[in-house]
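Chains, contacts and geometry: an overview
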Amino acid sequence: MAIFSLWVINKAGGLVYQRNFADGLAQLTSNEYLVLAGTLHGIHAITSRLSPAGSSSGAQVIEGETFKMTILLTATGTKFVLLTSLAEATADSVLQRVYEAYADAVMKNPFHTPEMPIRSEGFDTRITSLIGTGQP
């Protein structure tokens, strides 16, 4: 069980926070992370319209052969994405605690501009205490 990475995507599909927690992930450039976040935003929008049972909030879990992406969509349209191992069972609760940390450390910060990259030492500290540093 492992947590590989955390992304925060704003309501326009822009990546505003990205942090890796495990070695072995492909080293991507900032531009590549931005493209991935925008692509995930588009996929999420499409999946919200595909539901045969009426309205849907979109994809909540996307699984690959070796990892899974768990997505938490907030009421404001911000998406919190956790990349984990397939066996990770606590992704939903971790994302909820990350969202609480975001609300406390970022949204209550009078110097933070909404929808812009998150540059908050308080948020980084809370994420480190929730998930760890990713270093052995």
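Conventions used here
- Residues numbered from 1 in each chain as written.
- Predicted model: local features only at pLDDT ≥ 70, side-chain atom pairs only at ≥ 80, totals over all residues.
- Heavy atoms only, no water.
- UniProt positions renumbered as here; feature names shortened; annotations may be inferred.
- Core = buried A, V, L, I, M, F, W, Y, C linked by side-chain atoms within 4.5 Å.
- Buried < 20%, exposed > 50% of the residue type's maximum accessible area, 1.4 Å probe, protein only.
- Helix = DSSP H or I, 4+ residues; strand = E, 2+ residues; numbered from the N terminus.
- Contact = heavy atoms within 4.5 Å.

An unreviewed UniProt entry annotates the chain as Trafficking protein particle complex subunit originating from Suillus subaureus. One UniProt comment on the chain, placed under Sequence similarities (unreviewed entry), says "Belongs to the TRAPP small subunits family. TRAPPC4 subfamily." Within the UniProt record for the chain, the comment given under Subunit (unreviewed entry) is "Part of the multisubunit transport protein particle (TRAPP) complex."

What follows is about the nonpolar core. Within the largest apolar cluster, 21 residues are counted, with the highest numbers of intra-cluster contacts made by Leu-6, Leu-82, Val-98, Ile-118, Phe-123, Ile-127 and Ile-131. Counting only elements with at least two residues in this core, the list comes to strand S1 (3-9), strand S2 (15-20), strand S5 (79-84), helix H2 (91-107) and helix H3 (121-131). Element by element, the count of residues in this core is highest for H2, at eight residues. Those residues within four positions of Leu-6 in sequence are excluded, and the remaining contacts are Tyr-17, Gln-18, Arg-19, Phe-21, Val-81, Leu-82, Leu-95, Val-98 and Ile-127. Listed in part, the twelve residues of the second largest apolar core include Tyr-33, Met-69, Val-81 and Leu-83.

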